[in-house]
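# Observations on chain architecture
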Amino acid sequence: MSKTGFPAAARQALGDTQMRRNVGKATSTIRARRAARVAEVPDWEALRDAGAAIKARAMATMPEQLERLEASVTRAGGKVHWARDAAECNAIVGGIAAGHGARQVIKVKSLATDEIGLNDALAAQGVEAIETDLAELINQLAHDTSSHILVPAIHRNRAEVKLLFEHTIARGQDLGWDITAIAEAARRHLREKFLSVPVAISGANFGIAETGTICVVESEGNGRMCLTLPRVLITVMGIEKVLVEWRDLEVCLQLLPRSSTGERMNPYTSLWTGVRAGDGPEEFHLVLLDNGRTDVLGDELGRQALHCIRCSACLNSCPVYSRTGGHAYESVYPGPIGAILTPQLRGLENAPTLPYASSLCGACYEVCPVKIDIPSVLLHLRGRVVREYKSRVSPEALAMETVGRVFGSQRRYEQAQKLARLGRGPIVAAALPGWSAMRGLPEVPEQSFREWWRSRPARPVRGDGAGP
Amino acid sequence: MSDGREAVLARVRAALGSSPEAPEVPRAYREAGAFGAGGDCATVDLFCERVADYRATVRRVRGEELLGALVTACEQRQARRIAVPAGAPPWTVEGVDLVRDDPQLSARQLDELDGVLSGCALAIAETGTIVLDGAGASGRRALTLVPDYHLCVVRLNDIVPSVPDGVAALARVAAEGRPITLVSGPSATVDIELVRVEGVHGPRTLDVFVVEG
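Residues numbered from 1 in each chain as written. Chains lettered and ligands numbered in written order. Predicted model: local features only at pLDDT ≥ 70, side-chain atom pairs only at ≥ 80, totals over all residues. Heavy atoms only, no water.

Now for the overall build of chain A. Within chain A one finds 22 helices and 10 strands. Along the three orthogonal principal directions, the C-alpha set of chain A runs to about 105 × 55 × 50 Å. Every one of the 468 residues in chain A was classed for burial, and the buried ones make up 56%. In chain A, 73% of the contacts between residues at least 6 apart in sequence involve partners at least 24 apart. Charged side chains in chain A number 57 positive and 51 negative. The centres of these two groups are separated by 7 Å. (Helix = DSSP H or I, 4+ residues; strand = E, 2+ residues; numbered from the N terminus. Buried < 20%, exposed > 50% of the residue type's maximum accessible area, 1.4 Å probe, protein only. Contact = heavy atoms within 4.5 Å. Lys, Arg positive; Asp, Glu negative; His and termini not counted. Charge placed at Lys NZ, Arg CZ, Asp CG, Glu CD.)

Below, the structure is given as structure tokens:
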């Protein structure tokens, strides 16, 4: 996907009225659901504090935690791999699949594997990756990309999905308008895959250093199928998903489902440790992925973006996201969290418009279950964009310098006021076409205060003479 | 890929700098034990209410009524052949063929059965969650996953009040390396229009039997 930057991509997205309706309805529904489920937890704020500290602690001690995780997984019969970047990770996963002669692999929804373009890399070596999450399947069949972390096909409504399925996995059938029947078509289509494909690939929500336990939360059961039935399981886990101890789950498993789907608990949570004779895969590979995460970790303020547990509450609460939808962010990580994560993962120079894709209203910070201060990081990144990547001779830099000189001298300031009165509209429109397209200018008064002061008739000041 | 390992760890160390500060985790939330030991009336009521919220069916029965309730449920769901874990109690359900997972049933054999009858390791009242731990009456993971209908027997003593209670009780299971599955209602999706529909790939029907006494 070619990157046009947020403003252009957002303008295009806003023109898609169907998408706007779908995303608007979805975000408002899920906002309300989340609010109700959070309200019934009296210690929610204490859980958020604990969640923030749990993640901060894991980041601060990450080298130790990753080594502990590696040792625990290895002890339990798993094999741990390390990947510096997307290419290395894809090569590792592709190598394992090839080693088992797999022509197909089944996949649990995973943002990390979307981030590294794993499906395309596997296709290039002749391995078909089959998405098993309903929304991911919809996007895969439609050759579309995700628009939401939690519900990636939320930009489509049931009519669109019904037609898509009737042209692909349920060819020749009339599925009707009931979503249950549409879901049933996916069930029939994938059941045989679950029973026969020998290799599965998943992401990870949490990886516990203490025990070597990996956690995947889901709703449909496709995750359980992939994690349980195939002979070989490969999990791609970003290094920031590591948790220090088992006990950390008592906080995270409360924060995530309520923030994410607005449920007390998601239908299925799978926790497994290495391999278990007679139960589940015979071979387990854990690939620990960097791919820019250590760059994020290097920014003391920006590193909190790595605390994200991918609940998507910030997307649903964001007035910008709920109008543009996810595609405008041109990343697998959309919304407010994407606006701070993507530029740091890819490098600011590759996504310089994203830190500006926000009104800084702060709703994202309020709902974040691990208290990521997204507005502060946005401001911090805006500063970095200006300092590190915007040229000193850019129109904006020149304008600021000029304004500085004008404001620095009374004479120049007053001349500028006169000029502004004369040519306000046309001059500004010509000089700053992009800026003035979205903003109104204040009326310039006919007379400034200084001019009025100088022009008023001289009068004796009362009280100078005799008193009343 | 040992060079990948050293490279990633070196980058992490460099990124963190010399003295990264690791905060203490403040635990002002309701920790394990905050609601007592569980199994009491209020906890059981809450569990039943919360399970039912997920559109699972909950039946509260006395010990001697369990087998009768299982017969009725299987009749209603037209389940004639159902799997039971190798380590399950010697349940019998009149009119139903119980297929013990010993020797292990293949995934295809499981796919041909009408359901599965299991117990659980514990249950969490606050979230209406059933916890399976891969042993005993929980059975191995495929057993409670592949068949379309799951009947689960929960005993009063299995029910703990909160998520921290459940996580604390499972620490030993995790340390032993046994797989754990948390089940909160039947398989569901909200992927289309955020409308929750029960049933995609996991069991589409979940009947829970809470056994008292």
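Right, picking up where we left off after that structure.
Looking only at helices and strands, one finds 6 helices and 12 strands in chain B. Its C-alpha atoms give chain B principal-axis dimensions of roughly 70 × 45 × 40 Å. The buried share of chain B, reckoned over its 213 residues, is 56%. Of the accessible surface of chain B, which amounts to about 8500 Å², a share of 48% is contributed by carbon and sulfur atoms. Positive and negative side-chain charges in chain B, numbering 22 and 30 respectively, have mean positions lying 3 Å apart. (Areas by Shrake-Rupley, 256 points an atom, 1.4 Å probe, with all protein chains shown as cover.)

All names here are of chain A. The end-to-end C-alpha separation of helix H10 (residues 179-196) is 27 Å, in line with the 26 Å expected for 18 residues at 1.5 Å each. The sharpest bend along H10 reaches about 35 degrees and sits at leucine 190. Those residues of H10 not exposed but buried are Ile179, Ile182, Ala183, Ala185, Ala186, Arg187, Leu190, Arg191, Phe194 and Leu195. Sitting at the head of H10, aspartate 178 places a side-chain oxygen 3.2 Å from the backbone nitrogen of threonine 180. (Expected span 1.5 Å × (residues − 1). Bend = angle between axes of the 7 residues up to and from the residue. Polar contact = N/O pair within 3.5 Å; in protein donor to acceptor, adjacent residues only side chain to side chain.)

A few words now on a nonpolar patch on the surface. All names here are of chain A. On the surface, Val403, Phe407 and Tyr413 cluster together into a nonpolar patch covering about 290 Å² of accessible area. Inspection of the secondary structure assignment puts phenylalanine 407 in helix H19 (residues 395-407). Judged by its relative accessible area of 61%, phenylalanine 407 is exposed. (Patch = residues over 30% accessible without salt bridge, like charges linked within 9 Å, V, L, I, M, F, W, Y side chains within 5 Å. Salt bridge = Lys/Arg side-chain N within 4 Å of Asp/Glu carboxyl O.)

This brings us to the environment of glycine 202 of chain B. Mapped onto the elements, glycine 202 of chain B comes out in the loop between strand S11 (197-198) and strand S12 (205-212). On the accessibility criterion, glycine 202 of chain B (0% relative accessible area) is buried. With 57 residues separating them in the primary sequence, glycine 202 of chain B and leucine 145 of chain B have C-alpha atoms 5.5 Å apart. Contact partners of glycine 202 of chain B, with chain neighbours within four places excluded, come to Arg187, Glu220, Gly221 and Tyr268 of chain A together with Leu145, Asp148 and Ser187 of chain B.

The subject of this paragraph is the packing of helix H8 (residues 134-141) of chain A against helix H9 (residues 158-167) of chain A. Residue and element names in this part refer to chain A. Across the interface, H8 lies against H9 with an axial gap of 10 Å and an inter-helix angle of 65 degrees. Every pair of crossing elements has a handedness; the one defined by H8 and H9 is left-handed. Residues Leu134, Leu137, Ile138 and Leu141 of H8 touch H9, and the partners they reach there are Val161, Leu164 and Phe165. Its residues assigned to classes, the contact of H8 with H9 shows 7 nonpolar, no polar and no charged. (Axes fitted to C-alpha atoms, helices over the stretch in contact; angles between N-to-C directions. Left-handed = near helix turned anticlockwise from the far one by under 90°. Nonpolar A, V, L, I, M, F, W, Y, C, P; charged D, E, K, R; others polar.)

Quick look at the pattern of salt bridges now. Summed over the entire model, instances satisfying the criterion amount to 55 salt bridges over all chains. Where lysine 107 of chain A meets glutamate 131 of chain A, a salt bridge forms, and the shortest distance between an N and an O atom there is 2.9 Å. With lysine 107 of chain A in strand S2 (residues 104-107) and glutamate 131 of chain A in strand S3 (residues 128-131), this pair connects stretches of sequence that are 24 residues apart. Classification of lysine 107 of chain A by relative accessible area gives buried; the value is 0%. Judged by relative accessible area, which is 3%, glutamate 131 of chain A ranks as buried. A salt bridge links glutamate 192 of chain A to arginine 108 of chain B; the nearest nitrogen and oxygen atoms lie 2.7 Å apart. With one member in each of two chains, glutamate 192 of chain A in helix H10 and arginine 108 of chain B in helix H4 (residues 107-112) form a pair that bridges those chains. Residue arginine 108 of chain B is classed as partly exposed on the basis of its relative accessible area of 37%.

This part takes up the interface of chain A and chain B. Each partner contributes to the interface: chain A provides 98 residues, whereas chain B provides 78 residues. Taken together, the two surfaces of chain A and chain B that pack against each other cover about 7600 Å², and 59% of this comes from carbon and sulfur. There are 17 salt bridges connecting chain A and chain B. One salt bridge in this structure joins aspartate 3 of chain B and arginine 84 of chain A, with 3.5 Å as the shortest N-O distance. Applying the counting rule to chain A against chain B returns 37 residue pairs in polar contact (both at pLDDT 80 or more). In the side of chain A that touches chain B, the residues fall into 47 nonpolar, 21 polar and 30 charged. In the sheet, strand S9 (residues 268-273) of chain A pairs with strand S9 (residues 180-183) of chain B via 4 bridges, with the strands oriented antiparallel. Bridged to leucine 271 of chain A within S9 of chain B is isoleucine 180 of chain B. (Buried area = accessible area lost by both parts, 1.4 Å probe. Pairing = 2+ DSSP bridges.)

Here we come to the sheet that holds strand S8 (residues 159-160) of chain B. Read from one edge of the open sheet, 8 strands run S8(A)-S5(A)-S6(A)-S9(A)-S9(B)-S6(B)-S5(B)-S8(B), paired in mixed fashion. Among the strands making up the open sheet, the edge pair consists of strand S8 (242-243) of chain A together with S8 of chain B. Relative to S9 of chain B, strand S6 (residues 129-132) of chain B runs antiparallel, the two sharing 3 bridges. Residue pairing across strands places leucine 132 of chain B opposite threonine 181 of chain B, the latter belonging to S9 of chain B.

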